[in-house]
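Each chain, written out:
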Amino acid sequence: MENSGKLSTVKFYSGDVTPLEMHKVRVVQKLNLLPIEERKEAIYGAGFNTFLLMNKDVFLDMLTDSGTNAMSDNQVAAMSVADDSYAGSASYTKLEAAILEVFNQNYFLPVHQGRAAEHIISKTFCRPGSVVPMNYHFTTTKAHIEMAGSAVEEIYTDEALKIKSDFPFKGNMDINKLHKVIEKWGAENVAYIRFEAGTNLIGGQPFSMANLREVSAIAKAHNIMLLMDTSLINENLYFIKIREEGYLDMPIKDILHEMMSYTDFSYFSGRKVSCTRGGGICTNNHDIYMKMRDWVPLFEGFLTYGGMSVREIEAMAVGLIETLDFNVISHSPTFIKYLVDALDSKGIPVITPAGGLGCHLDAGQFIAHVPQTQYPAGALAAALFIASGIRGMERGTISSVRDENGDDVLADVELLRLAFPRRVFTLSQIKYAEDRIQWLFDNRHLIGGLEWVEEPPVLRFFVGKLQPIGDWVDKLVAKFRQDFGDSL
Ligand code: F0G
């Protein structure tokens, strides 16, 4: 395992900047690429909502990296020696040891996935009249905090929501805004400050160690707890190492331990960080641990499994330790950068600089002729599926809500997220994505908007159904056939 702190990257003699897989593929799963006419049928069947597509109809599943990452051979092997027991499982002891080694945290509460940790944390520390300042929200995080009665204040920097930027740490908090929020609410009403690593909804963007250090000092001065969501810590670590002064030669473990030293507690979704399922809450503070501990057997399962299978627990312990390997954590961001830079160089609107998690197309610019009330990000997600069989995720106004008058609360940005599950896709598959996105961009005038057919009152993006406005889908399919002949 590359763990020394030295960068282990490969330069090409030709000077090409080509990401290189530092693993080999030993188990494969067959993919289907349906003809475009059948892709069209599938998206109609799914109500133009990519969440409702069946995986058998999908070629590259870029919906999410959640629970879809490739495990290593060592993780799969560990699953076969799991210790099945309700209480006191030896598998759990291994996980606790891994938590200590990787995060340098002594106390651990296992849960069935990230949002379950959010549930327990919000239930314990949030109440009406209190606030949680954060760099940016995640959907389930905000829902849990608000359900417990607290408010959310996002204190991101001015750069955070700019689509095109070369700011290396768009996930930073704005320190002035933090001071103002503390002043406005009173330090005693700040439940905790939440820092999300690899900030998901603004494009998988990292924060810097310097910013974390500064926020931590302010939190301590006001006696406020600092919570870190480490679900996307892999890529945040990678970016601190390669982008922040002073960290290039530092081992990943030391960088992570420094990060954790600024927090009071943290939680993660194992569906992301350890390429498994499950999740957990970590702390070195016994009081914080005790306040939450008794909710775990009630909502999740006994304290030595927390809703996870022992097999997942074994795989999680190995997966967390593999996070300390530079080759493991650099894979996803280098592949994402490849696609982002390729699209950006062709003038196709994507979030820059490339982050972790995925490539985010700016549907607002891509199909600027589609008004926000006709859901450009959703329309682009459907159009890309029709054109390529690639399933992305709408992160725009469909993922938003309606106000008290029944009008759409328009999203800050209309994004189509193409997630990169870790170690799953090859470079030629990414080149295929690039090719079909280019074709779609050249034919973007053909793409139209969407309207609701069935709109659920909560979290409508998950199961809501829409339809195209006008006959743009038929025109898109006809143009595809004209340009590609009988190609898939
Ligand atoms: N925090 C972050 C930063 C996340 O990205 C997620 C999930 C969660 C918490 C919740 O974890 O799914 O295990 O309950 N993100 C997934 C996604 C769903 O597709 O981005 P979970």
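Residues numbered from 1 in each chain as written. Predicted model: local features only at pLDDT ≥ 70, side-chain atom pairs only at ≥ 80, totals over all residues. Heavy atoms only, no water.

Participant: Can you walk me through the pattern of salt bridges in this structure?
Facilitator: Side chains that carry opposite charge are capable of pairing whenever their charged atoms lie near each other. The final tally for this structure, using the stated rule, is 27 salt bridges. Between Asp57 and Lys56 there is a salt bridge, with its nearest N and O atoms 3.1 Å apart. Residue classification places Asp57 among the buried positions, given a relative accessible area of 14%. A residue is classified by how much of its surface remains accessible, and Lys56, at 55% relative accessible area, is exposed. As a salt-bridge pair, Asp471 and Lys475 come within 3.1 Å of each other at their nearest N and O atoms. Judged by its relative accessible area of 42%, Asp471 is partly exposed. Taking relative accessible area as the criterion, Lys475 reaches 45% and is therefore assigned partly exposed. (Salt bridge = Lys/Arg side-chain N within 4 Å of Asp/Glu carboxyl O. Buried < 20%, exposed > 50% of the residue type's maximum accessible area, 1.4 Å probe, protein only.)

Participant: What is the right way to look at helix H16 (residues 427-442) in this model?
Facilitator: Structural remark: α-helix, 3.6 residues per turn; residues separated by three or four positions point the same way. Its 16 residues place the ends of H16 23 Å apart at the C-alpha level, agreeing with the 22 Å of an ideal helix rising 1.5 Å per residue. Looking at H16, one finds that the buried residues are Leu427, Gln429, Ile430, Tyr432, Ala433, Glu434, Arg436, Ile437, Trp439, Leu440 and Phe441. (Helix = DSSP H or I, 4+ residues; strand = E, 2+ residues; numbered from the N terminus. Expected span 1.5 Å × (residues − 1).)

Participant: How should the site of the ligand be read in this particular structure?
Facilitator: Near the ligand you find 16 residues, and of these Thr64, Arg115, Asp229, Ser269 and Arg417 are the closest. One nitrogen or oxygen atom from the main chain of Gly114 is found 2.8 Å from an oxygen atom belonging to the ligand. Here Arg115 contributes a side-chain N or O atom positioned 2.6 Å from an oxygen atom of the ligand. In terms of residue count, the dominant contributor to the shell around the ligand is helix H4 (residues 114-125) (three residues). Split by residue class, the shell around the ligand holds one nonpolar, eight polar and seven charged. (Near = heavy atom within 4 Å. Polar contact = N/O pair within 3.5 Å; in protein donor to acceptor, adjacent residues only side chain to side chain. Nonpolar A, V, L, I, M, F, W, Y, C, P; charged D, E, K, R; others polar.)

Participant: What is the right way to look at the packing of aromatic side chains in this model?
Facilitator: Each aromatic ring pair is described using two quantities: the centre-to-centre distance and the angle formed by the ring planes. This model, assessed by the stated rule, comprises 24 aromatic pairs. Note on Phe51 and Phe461: the rings are 5.8 Å apart at their centroids and 50 degrees apart in plane angle, and the pair reads as tilted. Residue Phe51 is located in the loop between helix H1 (36-45) and strand E1 (60-61), and its partner Phe461 is located in helix H17 (residues 460-463); the two are separated by 410 residues in the primary sequence. Phe51 sits in the partly exposed class, given a relative accessible area of 21%. Given a relative accessible area of 4%, Phe461 falls into the buried group. Centre to centre, the rings of Phe103 and Phe268 are 5.8 Å apart; their planes meet at 20 degrees, and the pair counts as stacked. Of this pair, Phe103 sits in helix H3 (residues 90-103) while Phe268 sits in strand E7 (residues 265-269), and the two are 165 residues apart along the sequence. With respect to burial, Phe103 and Phe268 carry one shared label: buried. Taken together, the ring pairs in this structure connect Tyr92, Phe103, Phe108 and Phe268 into an aromatic cluster. A cation over a ring is seen here: Lys123 above Trp295, with NZ or CZ 4.8 Å from the ring centre. (Phe/Tyr/Trp six-rings, centres within 6.5 Å; stacked < 30°, edge-to-face > 60°. Lys NZ or Arg CZ within 6 Å of the ring centre and 35° of its normal.)

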